Amino acid sequence: MSPRCRPRWRAWRAGWPNVPEPERPPTPLPGGIRVRRARLDDAAALAQIMGHPWVAPQLLQPPLVNEEAWKARLAETLAPGKSDLLLVAEVQRDGDRWAVVGNAGLHPASAAVRRRHVMGLGISVLPDVQRRGVGRALMQALCDYADRWGQVLRIELAVYTDNVAAIALYRGFGFEVEGCHRGYALRDGEYVDALAMARLHPHPPRIGSSEGA
Ligand SMILES: CC(C)(COP(=O)(O)OP(=O)(O)OC[C@H]1O[C@@H](n2cnc3c(N)ncnc32)[C@H](O)[C@@H]1OP(=O)(O)O)[C@@H](O)C(=O)NCCC(=O)NCCS
């Protein structure tokens, strides 16, 4: 572990640094937030969100994402028999028109039988509606699915060490820092470190646990 990386992830494990407060209080979205499964016709919206210049650098997306690439990816991910869960969040724009502004997914972490209980997580929200509850709504839906329906015992992810917003969001849902990947990905010409974070099912269900209830 590099001297640069070690203190940072140790500090995160200890709960430091404090997450900065937003410059202005978050304003609620007037019509609320709807979360639903993604559809093939969400390709354009997903390309817009994941390709946004303020969002893409925080992900592992290749640059120049386009709608066609997302159509192909959605067709693969949403095919029958796949265990991926891909959700989108909609809010009201221009009056009462609902528009997709965020997405989140759980994807099998490995093809190995012995890691069937593990899924990887990804999430992104358009910058103009960030810090208004969209990410939280998506995370809540993903964790509910994982805990109550999806047979998921461990959710894992990697997040760049400078992504304060995402790290705070994950910590709020019980994710803990497990380590630091050095030089995890190339981002705009620079190799950047990422924290390994994971959340274990808080109360794994057991067969027979509801007897006598
Ligand atoms: C991370 C991300 C998904 C959060 O989505 P969001 O809709 O802004 O999040 P919410 O408004 O629901 O905020 C939920 C919590 O996350 C944390 N959070 C979100 N934005 C934050 C910020 N700018 N600074 C500090 N904490 C932040 C807070 O704990 C917040 O709770 P609070 O508002 O009660 O304090 C969003 O910033 C994003 O899409 N970033 C770019 C893509 C990305 O980084 N994806 C993750 C890759 S690992």
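If you're wondering where the values come from, they're calculated on a predicted model, not measured in any experiment.

What counts and how
- Residues numbered from 1 in each chain as written.
- Predicted model: local features only at pLDDT ≥ 70, side-chain atom pairs only at ≥ 80, totals over all residues.
- pLDDT = per-residue confidence, 0-100.
- Contact = placed C-beta atoms within 7 Å.
- Near = placed C-beta within 6 Å.
- Helix = DSSP H or I, 4+ residues; strand = E, 2+ residues; numbered from the N terminus.
- Nonpolar A, V, L, I, M, F, W, Y, C, P; charged D, E, K, R; others polar.
- Pairing = 2+ DSSP bridges.

Draft legend 1. Examining the confidence of the model for the chain more closely. For the chain, the average pLDDT comes to 89, and 86% of its residues sit at 70 or higher. Low confidence marks residues 6–22, where pLDDT is under 50. Its contacts with residues over four positions away, or in another chain, come to 17 contacts.

Draft legend 2. Geometry of the site of the ligand. Neighbouring the ligand are 25 residues; Gln58, Gln130, Gly135, Arg136 and Ala165 lie closest to it. For the shell around the ligand, the elements supplying multiple residues, two or more each, are β4 (118–125), α4 (134–148), β5 (154–160) and α5 (164–172). With 6 residues, the single largest contributor to the shell around the ligand is α5. When its residues are assigned to classes, the shell around the ligand shows 15 nonpolar, 7 polar and 3 charged.

Draft legend 3. View of the pairing of strand β7 (residues 190–200). Relative to β7, β5 runs antiparallel, the two being bridged by 7 bridges. Opposite leucine 157, over in β7, you have methionine 197 as the bridge partner. Pairing of strand β6 (residues 176–187) with β7, which is carried by 8 bridges, proceeds in the antiparallel orientation. Looking at β7, one finds that arginine 187 is bridged to glutamate 190. Between the end of β6 and the start of β7, which pair antiparallel, lie 2 residues, with aspartate 188 showing a positive phi angle near 50°.

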